[in-house]
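The residues making up each chain are set out below.
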Amino acid sequence: MPQTEAQVAAVLVACHELGVPVVARGAGTGLSGGATPHRFGVILSLARFNRVIRVDPLNCLAVVECGVRNLSISEAAAPFGLYYAPDPSSQIACTIGGNIAENSGGVHCLKYGLTLHNVLKLRGFTASGELIEFGSEALDSPGLDLLSIVVGSEGMLAVITEVTVKLIPKPPVARCLLASFADLEAAGNAVAAVIAAGIIPAGLELMDRRMTAAVESFVHAGYDLNAAAILLCESDGTCDEVEEEIGHMGAVLKSCGATRLSVSQDEAERLRFWSGRKNAFPASGRISPDYMCMDSTIPRKRMAEMLRAIEAMELKYDLRCANVFHAGDGNLHPLILFDANDPDQLRRCELFGAEILEASVHLGGTISGEHGVGLEKLNSMCVQFSPLERQQMIAVKRAFDPKEILNPGKVIPTLHRCAEYGKMTVHRGLLPFAELPRF
Amino acid sequence: MSNDAQLHQLVEQIHAARERRAPLNICGGGSKIFYGGMPRGDALHVGSLEGISSYEPTELVVTARAGTKLVELEKILVQKNQYLAFDPPQFSASATVGGMVAAGLAGPARASVGGVRDYVLGVALLNGRGELMRFGGQVIKNVAGYDVSRLAVGSMGVLGVICEVSLKVLPLPAVDATLQWEIGANEALEKMNQWRGQPLPINATSWFQGRLRLRLRGSRAAVQAASDLLRGSSVEANEGTQWWTELRDHRQAFFKVDAPSIARDQSLWRLSVPATAQLMMPSEEVLIEWAGALRWWRTSLSAETVRNYATQAGGHATLFYGGDKSFAKCTPFAPLSEASMRIHRNLKTAFDPDNLFNPGRLCADF
Ligand SMILES: Cc1cc2nc3c(=O)[nH]c(=O)nc-3n(C[C@H](O)[C@H](O)[C@H](O)COP(=O)(O)OP(=O)(O)OC[C@H]3O[C@@H](n4cnc5c(N)ncnc54)[C@H](O)[C@@H]3O)c2cc1C
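Remember, it's a predicted structure, so these values are computed and weren't measured experimentally. (Residues numbered from 1 in each chain as written. Chains lettered and ligands numbered in written order. Predicted model: local features only at pLDDT ≥ 70, side-chain atom pairs only at ≥ 80, totals over all residues. Heavy atoms only, no water.)

Caption draft 1: Representation of the packing of helix α8 (residues 239-255) of chain A against helix α7 (residues 220-230) of chain B. The interhelical angle for the contact between α8(A) and α7(B), taken along N-to-C directions, is 170°, at an axis separation of 7 Å. Classified by the angle between their axes, α8(A) and α7(B) sit roughly antiparallel to one another. Across from A:Asp240, A:Glu241 and A:Glu244 in α8(A), the residues of α7(B) making contact are B:Arg220, B:Ala221 and B:Ala222. For the contact of α8(A) with α7(B), the class distribution of residues is two nonpolar, no polar and four charged. (Axes fitted to C-alpha atoms, helices over the stretch in contact; angles between N-to-C directions. Helix = DSSP H or I, 4+ residues; strand = E, 2+ residues; numbered from the N terminus. Parallel < 35°, antiparallel > 145°, perpendicular 65-115°, else oblique. Contact = heavy atoms within 4.5 Å. Nonpolar A, V, L, I, M, F, W, Y, C, P; charged D, E, K, R; others polar.)

Caption draft 2: Geometry of the state of the cysteines. Residue and element names in this part refer to chain A. Counting across every chain of the model gives one disulfide over all chains. Here Cys382 connects covalently by a disulfide to Cys418, the sulfurs 2.0 Å from one another. Judged by the torsion about the S-S bond (-80°), the Cys382/Cys418 disulfide is left-handed. Of this pair, Cys382 sits in helix α13 (residues 378-384) while Cys418 sits in helix α15 (residues 415-421), and the two are 36 residues apart along the sequence. For the pair Cys382 and Cys418, one class covers both residues: buried. The thiol sulfur of Cys15 is not disulfide-bonded, and the nearest other cysteine sulfur, from Cys66, lies at 16 Å. Taking the relative accessible area as the measure of exposure, Cys15 reaches 8% and is therefore buried. Left unpaired, Cys109 is separated from the closest cysteine sulfur, that of Cys94, by 13 Å. (Disulfide = S-S within 2.5 Å. Buried < 20%, exposed > 50% of the residue type's maximum accessible area, 1.4 Å probe, protein only.)

Caption draft 3: Structural context of the sheet that holds strand β3 (residues 52-56) of chain A. Residues and elements named next belong to chain A. Ordered in space as β3-β4-β8-β6-β7, the five strands form an open sheet in which the pairing is antiparallel. Here the strands that pair on one side only, and so sit at the sheet edges, are β3 and β7 (131-135). On average, each strand axis in the sheet is tilted by 10° relative to the strand beside it, whichever way the strands run. In terms of strand pairing, strand β6 (residues 119-125) meets strand β8 (residues 159-166) through six bridges, oriented antiparallel. The partner of Phe125 across the bridge, within β8, is Val159. (Pairing = 2+ DSSP bridges.)

Caption draft 4: Expanded view of the sheet that holds strand β11 (residues 202-208) of chain B. All names here are of chain B. The sheet built from eight strands is open, its strands ordered β13-β10-β12-β11-β15-β16-β14-β17 with antiparallel pairing. Each edge of the open sheet is held by one strand with a lone partner, namely β13 (233-235) and β17 (316-321). Taking each pair of neighbouring strands and ignoring which way they run, the sheet shows an average axis angle of 20°. Summarising the sheet, β11 and strand β12 (residues 211-218) pair through six bridges and their orientation is antiparallel. Residue pairing in the sheet places Thr205 in a bridge with Leu214 of β12.

In structure tokens, the structure reads:
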């Protein structure tokens with residue numbers, strides 16, 4: 001547990017010399033096993049790097065150490081009417097260093113972007129313990145945009161100790177619209193219709209009936225329990241602007257068959273609407289001994305199709321699944337409910353999860369929207385990327401870390417592993433003339 | 001010829017160049033030939049790799065082949081009431097999507113909406129071995145593996161041939177309005193800086209020759225409220241659009257260093273600095289954008305002096321027009337730290353081990 005940059009450098013220099021793996025760790029809230037210790041390695045806990053170094057309101061930025069909690073940044077910026085936009089549901093616990101590593105999102109990222117879009121500069125150390133900076137307080141930097149690849153690299157390219165984030169003005173007003181739908185298809189279509197109408201909501205979330213029932217008994221958010229699905233649709237901005245947009249959104253949702261619409265009348269009600277969504281994970285923990293949270297992204301228009309596929313999988317694996325979506329981004333979080341004490345349920349749950357990821361890739365999406373690959377989705381990487389592409393990623397890793405001591409064994413599976421997983425031939429191998437490149 | 005066949009031809013050219021160890025100069029529309037180091041090597045044309053491969057307005061995503069002209073792409077987007085929010089410059093009508101990504105330059109809206117890399121969701125790339133690979137994807141959120149597609153943005157083509165790009169698009173704003181003030185450069189910087197921290201629909205700012213201009217974009221209600229609050233004089237719609245387009249595409253005389261009226265020893269520098277940096281140059285030599293974070297400086301001062309100013313302010317300076325860009329005299333881009341340079345060299349080897357692509361356009365080393 002180093003406390004100074006010099007200590008971080010010293011740990012890295014020593015480990016690099018001895019070839020000992022180093023796994024950086026923030027708050028350990030990661031959902032893909034990214035910070036899981038290595039059998040022969042060192043855990044570099046950055047929890048003590050917890051100072052907000054400065055808030056510069058005129059430059060609209062904050063400089064913080066990597067172990068600072070996501071929410072603390074917005075708290076420090078609040079007196080200036082500013083905030084840090086990405087707001088993962090785990091924001092009271094997760095660190096900005098972990099957010100950088102996972103390129104974390106939140107319910108507002110459709111309008112305000114992911115971590116990448118809100119970071120200006122990173123300071124940290126290479127695998128060999130050399131100090132390095134990516135980005136700057138200016139809006140671009142010379143050379144390749146290394147910052148953009150370090151963000152989302154799951155602690156495998158560098159250890160980050162200090163982060164400069166962009167702050168944005170807090171919108172004066174936010175209101176949330178709660179809409180019920182009698183079937184999932186209609187809810188899915190409503191999401192596409194809102195976007196097609198030229199609206200970029202500040203948040204656009206979907207929950208299915210099993211999920212609303214679970215959270216309702218937990219937090220009493222006032223959700224419509226008869227609805228097959230509900231949508232939460234938020235607008236923020238000036239008072240007039242929000243008024244105009246809420247009217248527009250309401251009209252679109254109604255024309256898409258919304259059976260019930262309510263608009264938050266004050267901040268307390270808005271927070272109540274959101275409390276259900278934000279407590280989706282703990283609520284699932286109450287209706288089932290265990291749950292596994294998946295995190296894939298699909299094109300929005302395939303949402304209804306995906307939900308039907310998940311329903312079929314419930315029967316196939318004889319397990320229940322509750323669904324919450326960052327619908328605006330097409331990012332799904334199916335929560336598969338199971339009991340880990342029953343080894344067969346655990347086995348079926350893992351197969352269920354892998355099938356969801358595979359289906360997502362086939363629908364034109366990706367195996368991870370915001371939680372990362374870590375250890376958990378290594379096999380699924382074989383489905384999404386060709387051997388050449390994975391080889392190229394390994395080469396990128398080696399360009400930053402030639403001895404491969406930073407968080408080894410995560411994110412990019414070896415050829416051998418994919419061969420065992422049996423996906424070698426499915427990706428491009430089934431195409432005729434597989435050796436020809438094609439669009 | 002079909003796109004698959006064209007792609008195949010590119011691969012063959014790469015293999016041939018590899019055998020002869022002869023460098024390749026990747027050519028799109030040639031609209032930014034002046035940018036970065038001088039092009040060298042045999043031409044590798046990607047301009048014919050064109051067309052939209054998919055466009056789903058409700059997904060806010062368009063996928064276009066690298067040779068697609070920016071003007072064409074814009075036309076298609078406008079039909080669905082959408083656009084590229086980052087305002088990429090079109091220094092000529094020949095500018096292509098691939099060149100836009102490789103150069104990584106964004107226009108006047110950069111400070112408020114983000115740059116090219118913030119909108120690139122995926123690319124298909126041919127590496128130095130002639131292998132076609134796809135990174136990123138066609139969805140907005142994606143953290144599977146390293147996102148190599150973002151690394152291609154601003155790479156000046158040194159990592160590989162960009163063949164296809166998926167971009168995030170946005171709905172056109174309902175209203176667009178320009179306001180202006182007659183004030184000095186320092187006062188303008190102060191105003192621009194202060195506005196940034198307020199919830200206003202400011203999309204672009206510029207200061208040039210005693211005039212501060214500001215573009216508002218957003219809903220009718222928001223733009224109206226901001227106009228009332230800011231109280232600048234309002235600029236007629238056509239005139240406003242013309243100003244921002246000419247600024248984006250560098251059509252003003254200020255950007256023409258080869259114009260006869262201008263001293264022969266002047267160069268045009270692009271200084272990217274923190275928005276709150278001091279003015280640092282005589283106000284008659286500068287054009288300011290991006291709320292103060294971008295400063296175009298026409299000067300005959302030496303590269304060293306200009307770069308010192310930029311570095312002290314916490315930014316960097318690029319030699320944009322004019323001057324001698326042969327590396328012996330002055331590198332167009334600011335030098336990198338040793339640690340960063342080492343990663344650069346390793347990445348170059350990882351993608352293009354035989355140093356085929358665009359030698360010297362990004363760094364003197366490769
Ligand atoms: C209830 C709950 C809700 C969640 N909701 C969301 C959500 O809405 N959106 C979302 O995106 N995620 C969500 N997550 C996932 C998780 O919170 C994020 O991935 C978060 O960014 C992890 O931060 P952490 O500090 O806990 O990192 P850790 O779990 O400690 O580490 C995660 C990865 O980051 C690396 N790492 C950490 N710090 C550094 C550093 N300083 N330098 C280099 N590498 C580092 C680690 O090696 C590891 O690979 C949720 C998790 C939970 C438990």
